[in-house]
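Coordinate inspection notes
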Amino acid sequence: MSPNDTSKSANAQWGGRFSGGPAEVMEKINASIDFDQRLFTQDIAGSRAHADMLVAQGILSLKDGKAINDGLDTISRELEDGKFEFSQALEDIHMNIEVRLHDLIGEPAGRLHTARSRNDQVATDFRLWVRDAADSIDAQLHDLQAALIARAEQHADLLMPGFTHLQTAQPVTFGHHLLAYVEMFGRDRGRFADCRQRLNESPLGAGALAGTSFPIDRQQTAAALGFDRPMANSLDAVADRDFALEFLAATAIAMTHISRISEEIVIWCSDGFGFVRLSDAYTTGSSMMPQKRNPDAAELSRAKAGRVFGDLLTLLTVMKGLPLTYSKDMQEDKEPVFDAADSLALALAATTGMVGDLEPMPDAMRAAATKGYPTATDLADWLVSVAGLPFREAHHVTGEIVKAAESRGVLLDQFPVADMQAIDERITEDVLSVLSIDAALARRTSEGGTAPDNVRAAVVAARQRFLET
């Protein structure tokens, strides 16, 4: 039977119980080949491991095993070259490959499915795909961290305002700000690593749900496919999709971080801030307004978070009510995972590119850092550490001084000491040493603080933690 024989091919695979062909709507709703064809590499790898094990156990002859592997070689080349003809009537990638293998080698192809169900087959393929996707995403996150660390080193002492509530709070450096995202993406890498470790058990050999009476060697197939061990329970092996849910959860959290840095880039590029500029490579123009430079790469990366959140909710909803073991509902597991992986990969590539492309605007950053009396906390700290005031009293005195300075339209380091002394006589000329934004920046030397020397040391530490391990 060729992949193009679509008359009764779907039911024909299941033997003599079915006498009629499927209804057209059944064929459409049952088919997954349009999306699961991307599992072909994993499906062929699983079939090779299974065939080799069957030969080693004496269940399959050496001759049949060689024929199967030779046929899979041919199919692999056809798939990689784009010459493989997919049939929707054959439902999925597994059946498309099986039927093509029969076309190539005949009767031995039917022996490949000995001691294997499509349930453990698809569970194995999907785990292999998610494992590969986690590795690929980790590599992209590594590259994004490398880009952020490089820019942080370059701008370790570039002054900018730090915000709470999007209001100027205290001065920080641009390098320190970028390193915050290095930490976030580092945690994302940890989540994908945890997901990978937990998923790395093999379902192959669990059969439809209860195992098999054939003397198979699940340890051999697990090792051949790079799994740490076979899954311990055959029911769980075919019913579990925790690994996909955990992958989606890690992807959703990573997309949250992508969305946050994208939002900041959008804000920083706006006329009201003007902190950074992106080149034409990551911006677009307006169809009507020729002056516009829109940060569309950041906006689209930000928007993709919504898709990924939806993907996670989709699979949670599919899985929440399923009894053990396999139900056809679980065919809906792959599209949200594929979509989330694709969305994150694209957003990571765009974000890494923007980090390397953006050009900081130091004058705009410094001007913004002087607004909102960002050294008020330094004044309060001085009142505690030098003048000896309790912090709550120091907080009140500082508020009075800020109110007075604001009424005159001057910064704290421009406000006369004599006028401060009129508010609290314990203030001395020494207070001026802490009121400039540069002085405030340099004083933030506590571990994890924003002082430029701290940032340079943090760059070295981040490289060691994230890039050299």
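It should be emphasised that the depicted structure is a prediction, and the values quoted were computed from it without experimental measurement.

From N to C terminus, the chain includes 19 helices and six strands. Relative to the compact-globule value of 23 Å for 469 residues, the chain shows a C-alpha radius of gyration of 31 Å, a clear excess of over 25%. C-alpha extents for the chain along the principal axes are approximately 100 × 55 × 40 Å. Relative to its full complement of 469 residues, the chain shows a buried share of 49%. Taking all contacts inside the chain whose residues are at least 6 apart in sequence as the whole, residues at least 24 apart take part in 74%. Looking at charge distribution, the chain has the averaged site of its 45 positive side-chain charges lying 2 Å from that of its 68 negative ones.

With that settled, consider empty space enclosed by the protein. Scanning the model with the defined rule gives one cavity of 30 Å³ or more in all. Every element with two or more residues in the lining of the largest cavity is listed here: α4 (40-56) and α6 (93-105). With four residues, α6 is the largest single contributor of residues to the lining of the largest cavity. In terms of residue class, the lining of the largest cavity is built from three nonpolar, four polar and three charged.

A few words on the side chain of D36. The residue D36 is located in helix α3 (residues 33-36) in this model. Polar contacts involving the side chain of D36 include one to the side chain of S32, which spans 2.5 Å. Ignoring sequence-local partners within four residues, the contact set of D36 consists of D92, I93, K334 and F338.

Let us look at the layout of surface pockets. If you add up the space inside the second largest pocket, you get close to 270 Å³. The wall of the second largest pocket is formed by 15 residues, among which G162, F163, Q170, V172 and H177 lie closest to the centre. Elements supplying a minimum of two residues to the lining of the second largest pocket: β1 (159-164), β2 (167-173) and α8 (174-199). It is β2 that contributes the most residues to the lining of the second largest pocket, four residues altogether. Residues of the lining of the second largest pocket, tallied by class, amount to five nonpolar, eight polar and two charged.

Another point: the packing of aromatic side chains. In this description, an aromatic ring pair is defined by two values, namely the gap between the centres and the angle between the planes. Taken as a whole, this structure holds nine aromatic pairs when the rule is applied. Grouping aromatic residues by their ring pairs yields a cluster made of F126, W129, F243 and F338. The side chain of R38 reaches across the aromatic face of F338, ending 4.6 Å from its centre. Taking NZ or CZ as reference, R131 lies 5.1 Å from the ring centre of F227, over its face.

Quick look at the packing of helix α11 (residues 242-269) against helix α13 (residues 334-357) now. Running from N to C, α11 and α13 cross one another at 30 degrees; their axes reach a closest spacing of 10 Å. Put simply, α11 runs roughly parallel to α13. Where α11 crosses over α13, the two elements pack in a sense that is left-handed. Along its contact with α11, which presents A244, F247, L248, T251, A254, M255, I258, I261, S262 and I265, the element α13 presents P336, V337, A340, A341, S343, L344, A347, L348, T351, M354 and V355. Among the residues forming the contact of α11 with α13, the class breakdown is 17 nonpolar, four polar and no charged.

Now for α6. Between its terminal C-alpha atoms α6 stretches 18 Å, which fits the 18 Å expected from 13 residues at 1.5 Å a residue. Listed in full, the buried residues belonging to α6 are I93, H94, M95, N96, I97, V99 and L101. Against α3, α4, α5 (62-80) and α7 (118-154) lie the buried residues of α6. Measuring from the backbone nitrogen of H94 back to the side-chain oxygen at the start of α6 gives 3.2 Å, which picks out D92 as the cap.

L148, F174, F192, F247 and V337 are the most contacted members of the largest nonpolar core, which has 90 residues in total. Filtering out sequence-adjacent residues up to four positions away, F247 remains in contact with V130, A133, A134, I137, F192, C195, V337 and A341. If you look at the next biggest cluster of nonpolar residues, it comprises 20 residues, including A376, L379, A404 and M420.

Bridging between β1 and β2 involves six bridges; their strand directions are antiparallel. Along β2, the bridge assignment pairs L159 with T173.

Per-residue pLDDT for the chain averages 92, and the proportion of residues at 70 or more is 94%. Segment residues 1-11 is flagged for pLDDT under 50; beyond a separation of four residues in sequence, or across chains, it makes 28 contacts in the model.

Thresholds, definitions, all that
Residue numbers run consecutively from 1 along every chain, following the written order of its sequence. Per-residue local features are limited, in this predicted model, to residues with pLDDT of at least 70; the limit for side-chain atom pairs, both in listing and counting, is 80 or more; totals at the level of whole chains, interfaces and linings are taken over all residues. Side-chain numbers here rest on the full set of heavy atoms in the structure, without hydrogens or water. By the criteria applied, helices consist of DSSP H or I runs no shorter than four residues and strands consist of E runs no shorter than two, each listed in order from the N terminus. Each radius of gyration is computed over the set of C-alpha atoms, and the globule rule expresses the reference value as 2.2 Å times the number of residues to the power 0.38. Note on classification: 1.4 Å probe, protein chains only; a residue is buried when its accessible area is under 20% of the maximum for its type, exposed when over 50%, partly exposed between these limits. Between two residues, a contact is recorded if the distance between any of their heavy atoms is within 4.5 Å. Residues counted as positive are Lys and Arg, residues counted as negative are Asp and Glu, and His and the chain ends are not counted. All charge positions are set by atom: Lys at NZ, Arg at CZ, Asp at CG, Glu at CD. A 1.4 Å probe that fits but cannot get out identifies a cavity on a 1 Å grid over protein atoms alone, an open set with protein on both sides within 12 Å along at least five of seven lines counts as a pocket, and a residue lines either if it has an atom within 4 Å of a point. Grid points are joined across faces, edges and corners, and a volume is the space filled by probe spheres set on the points. The classification used treats Ala, Val, Leu, Ile, Met, Phe, Trp, Tyr, Cys and Pro as nonpolar, Asp, Glu, Lys and Arg as charged, and all other residues, Gly among them, as polar. In protein, a polar contact means a hydrogen-donor-capable atom and an acceptor-capable atom, both N or O and within 3.5 Å, with residues adjacent in sequence counting only if both atoms are side-chain atoms; elsewhere, any N or O pair within 3.5 Å suffices. Pairing of aromatic side chains requires ring centres within 6.5 Å, counting the rings of Phe and Tyr and the six-membered ring of Trp. Pairs whose planes differ by under 30 degrees are stacked, by over 60 edge-to-face, and all others tilted. Two limits define a charge over a ring: the Lys NZ or Arg CZ must be within 6 Å of the ring centre, and within 35 degrees of the ring normal. Angles run from 0 to 180 degrees between N-to-C directions of axes, and those axes are lines fitted to C-alpha atoms, restricted for helices to the stretch in contact. Just so you know how the angles are binned, under 35 degrees is roughly parallel, over 145 roughly antiparallel, 65 to 115 roughly perpendicular, and the rest oblique. When the near helix sits turned anticlockwise from the far one by under a right angle, the crossing is termed left-handed; a clockwise turn instead gives a right-handed crossing. How far a helix is expected to stretch is found by multiplying one less than its residue total by 1.5 Å. Residues belong to a common nonpolar core when they are buried Ala, Val, Leu, Ile, Met, Phe, Trp, Tyr or Cys residues joined through side-chain atoms within 4.5 Å. Here a strand pair is declared whenever DSSP counts at least two bridges between the two strands. The pLDDT value expresses, per residue, how confident the predictor is, ranging between 0 and 100.

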